[in-house]
Amino acid sequence: MLSILVKDYMQSNVQAIPASASVREVVEHLLKWNVTGAPVVDQQHRVIGFVSEQDCIKDMLNSAFYAEESDSVARIMRRDVLSVTPDTSILEIAETMLGNKPKNYPVIEHGKLVGLINRRHILSALRENNGSYFSLKRSSPEFAVHSGDIQ
């Protein structure tokens, strides 16, 4: 495989969440843009966190149970964000994703958010650059489940 870089497959029109947003606003944002999560940025467009659907669900359940107002995104976001640069290798990220790592990575250049790359982008890059594997005439794998074999 040739060198495949993040900048060739990343989503560059990232809809980041401002740090001042409420969880309710984040939920509306995620649903509107049909994304599972988004980077949270400060006023200088620097990534300070990442918020996911799961973070929002947890907060919404707690808010409903305790009849409280929704938190700010800053209270529920993950602050330990793994990020990459536009020149990061797709293969490097793919290997990292094999572990229990995030599904989305903000792409940072000169301290600023310039894109987002996720598992779907990685899968697309691998497929496009591994044509020999996909072009070979292979028989479809046969999967069988035998209920008596499962313990």
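Residues numbered from 1 in each chain as written. Predicted model: local features only at pLDDT ≥ 70, side-chain atom pairs only at ≥ 80, totals over all residues. Heavy atoms only, no water.

(A) Structural context of the environment of Glu 109. Structurally, the position occupied by Glu 109 is in strand β4 (residues 104–109). As for Glu 109 and Pro 86, which are separated by 23 residues in sequence, their C-alpha atoms are 7.0 Å apart. (Helix = DSSP H or I, 4+ residues; strand = E, 2+ residues; numbered from the N terminus.)

(B) Local environment of the packing of helix α4 (residues 90–97) against helix α5 (residues 119–129). Direction vectors running N to C along α4 and α5 enclose 125°, while the axes themselves pass 10 Å from each other. By the angle between their axes, α4 is oblique relative to α5. Two packed elements cross with a definite hand, and for α4 against α5 that hand is left-handed. Contact residues: Ile 90, Leu 91, Ile 93, Ala 94 and Met 97 in α4; Arg 119, Ile 122, Ala 125 and Leu 126 in α5. For the contact of α4 with α5, the class distribution of residues is eight nonpolar, no polar and one charged. (Axes fitted to C-alpha atoms, helices over the stretch in contact; angles between N-to-C directions. Parallel < 35°, antiparallel > 145°, perpendicular 65-115°, else oblique. Left-handed = near helix turned anticlockwise from the far one by under 90°. Contact = heavy atoms within 4.5 Å. Nonpolar A, V, L, I, M, F, W, Y, C, P; charged D, E, K, R; others polar.)

(C) Region of the structure containing the sheet that holds strand β2 (residues 37–41). Here we have three strands laid out as an open sheet, ordered β1-β2-β3, and mixed in their pairing. The sheet terminates laterally at β1 (17–18) and β3 (47–52), the two strands that pair on one side only. The sheet strands contacting helix α1 (residues 23–33) are β1, β2 and β3, and the helix crosses β2 at an angle near 130°. (Pairing = 2+ DSSP bridges.)

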